[in-house]
Each structure stands twice: as C-alpha cells, then as structure tokens.
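Per-entry structural report
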Amino acid sequence: MVYFVGAGPGAEDLITVRGQRYLEMADVVIYAGSLVNKALLKAVKKGCRIYNSAYMALEEVIGVMEEAEGKGLVTVRLHTGDPSIYGAVREQMDELKKRGIAFSVCPGVSSFCGAAASLQMEYTLPEVSQSIIISRAEGRTPVPERESIQKLAVHQATMILFLSSGLAGKVKEELLAGGYQAETPAAVVFKATWEEEKIVCTTVGNLPEDMEREGIDKTALIIVGNVLGEEYQKSKLYDASFTTGYRKGIQKLD
Ligand code: SAH
C-alpha cells in the first residue's frame, strides 16, 4: 500500500494526526527533500528506509514504490503542504494505477493556509473579495495563456502565487497590467510556519524591491489583494439581526 501524505507547510506539528500515523507505520518513506521538514522523519520506526525525492526522477520514485509493494511493505510518499497543489502527484497515481498498486491520499495543511495563519488574516472578506485565485508565474513550467497573471488579475480577487518568488518583477508588471493598483497591498511569506519564517508586508508597486532587500527568491508565497487592507464589512453569519438556520435575528428598534 502506498500513502500519499501531505506533510503540512513546515512546522513539525502541522502534519495531520492521520498523516503522522501513516509515517509511524511506514517501511519506506519517500519525502520531498527540498521542502519537507526533516524533523518529521523522527516519527518513523526503526529500520524504515528513507529516500529524498529531490534526487530522484519519476521512474525511480515509482521503482521504489513497486519494489516495496512486491515485498508487502507500506510506503509513505511525503509531499509538502497538501499533495493536490503543485504536488506532481497525479503522474505518480497514474503510474500506480497502471501497475495495479493500491494507494490512498491523506490531505495536508497547504502552505497558503499556513501563510494566512502567520499573517493573521482572512482571504475572503465580505465586499472585498469572496474568491481566492491560486496560481503561479510562468517559469520553466508553462502556464496556459488564458491563465496568465495579467488575465487572472482582472478579477481583483485575492491572489496567492506559488513558485513565483524568483519572478517578482514579472509578477508586478502583470498584476499592474491586469488592473491592480500600485498601492494594492501585498504580502510575502517566506517559509511560513518554519522557524526561519519571514513576513514582508508591501504593495504591488514595491514588491520586487522589498523582496530583493529581504533576500527572498524562493520558498515563499506572494499574496495580493485588498483583503490585506483595513476595510471590509462584517459577516452576515454573526450579525445579531441576521436570521440563520441556527439562530433567530434580533430586530433592532430605532
Ligand atoms: N503542495 C505545496 C506546494 C508545493 S509547490 C503546498 O500545498 O503548499 C512549492 C511552492 O510552495 C514553493 O515554491 C512556495 O511557493 C510554496 N511553499 C511551500 N511551502 C511553503 C512555506 N512553508 N512557506 C511559503 N511558501 C511555501
């Protein structure tokens, strides 16, 4: 059996209880060495074989899983954050399906959730933005033209950019061309929830300079939008005069 497990954003105790259990059970662990906190590997049992996928091609990863499966062993494939986001997990699952190897996926806390917690913010605020656009700048991995940052920026929603911190200049130009103002607030969170976490609060206009000054060009998220500003409306859900399925609203008398 192969378990794809989300390791969480970084802090050792932000893996799920289920993910931790799978790690404790594992005979073989293949972890994404560039981003998974190695402290998580303390949970494995004695004799567990550990592989760092940073040094492996897809075929090698599948080869290790196949060999373990042949011996009836449990493999954990440990991905950073949640496996479903830029996890390169689909290609592995498809290879396992072809080979008739059973697998299961255990979700994790994505780094964008870790970043919101660190920033003590809410991505969705009434009358500011009710949508989150998760995307990335085009680098060596192509992004469909219709999903360019410029095109997505037109929505003025909350934008969260993964894998883009080495491309801050381009990100700024595309955000501006798409309609964000230079003053629109932006935040950069480097290694959210790790001990070396760094937060930079800036604007779209100052994004590249501020990131360069702080020396951030990898392992960071760029968050853009007016939800980082001061203005919003309070929720209806907790409005005293609003009736919900659980609570009758109190009529305010003038
Ligand atoms: N599956 C992961 C994302 C993997 S892609 C998740 O759900 O978070 C790798 C990119 O994720 C990095 O380039 C960076 O943009 C972002 N990232 C991963 N961990 C991060 C962290 N702790 N803090 C900030 N960004 C992080």
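Residues numbered from 1 in each chain as written. Predicted model: local features only at pLDDT ≥ 70, side-chain atom pairs only at ≥ 80, totals over all residues. Heavy atoms only, no water.

Here we look at the domain arrangement of the protein
As a measure of interface size, the accessible area lost when the parts come together is often cited. Taken domain by domain, the protein comprises domain 1 (2–106) and domain 2 (111–228). One C-alpha centre belongs to domain 1, the other to domain 2; they are set 29 Å apart. Counting residues at the interface gives 10 residues for domain 1, matched by 12 residues for domain 2. In total, about 810 Å² of surface goes out of reach between domain 1 and domain 2, with carbon and sulfur atoms giving 74% of it. It is Pro9, Ile85 and Tyr86 in domain 1 that bury the most area against domain 2; as a group they hold 62% of the surface buried on that side. Of the residues assigned to the side of domain 1 that touches domain 2, the class counts are seven nonpolar, three polar and no charged. (Domains from an automatic or database assignment. Contact = heavy atoms within 4.5 Å. Buried area = accessible area lost by both parts, 1.4 Å probe. Nonpolar A, V, L, I, M, F, W, Y, C, P; charged D, E, K, R; others polar.)

A word on the sheet that holds strand 10 (residues 220–224)
Taken in spatial order, the five strands line up as 6-7-10-8-9 in an open sheet, and their pairing is mixed. On the outer flanks of this sheet lie strand 6 (132–136) and strand 9 (198–203), each paired with one strand and no other. For this sheet, the mean inter-axis angle between neighbouring strands, taken without regard to orientation, is 20°. In this structure, strand 8 (residues 185–190) lies alongside strand 9, joined through six bridges in antiparallel fashion. Of the residues in strand 9, the one forming a bridge with Phe190 is Lys198. Lying over the sheet, helix 7 (residues 207–214) contacts strand 8, strand 9 and strand 10, oriented at roughly 155° with respect to strand 9. (Pairing = 2+ DSSP bridges. Helix = DSSP H or I, 4+ residues; strand = E, 2+ residues; numbered from the N terminus. Axes fitted to C-alpha atoms, helices over the stretch in contact; angles between N-to-C directions.)

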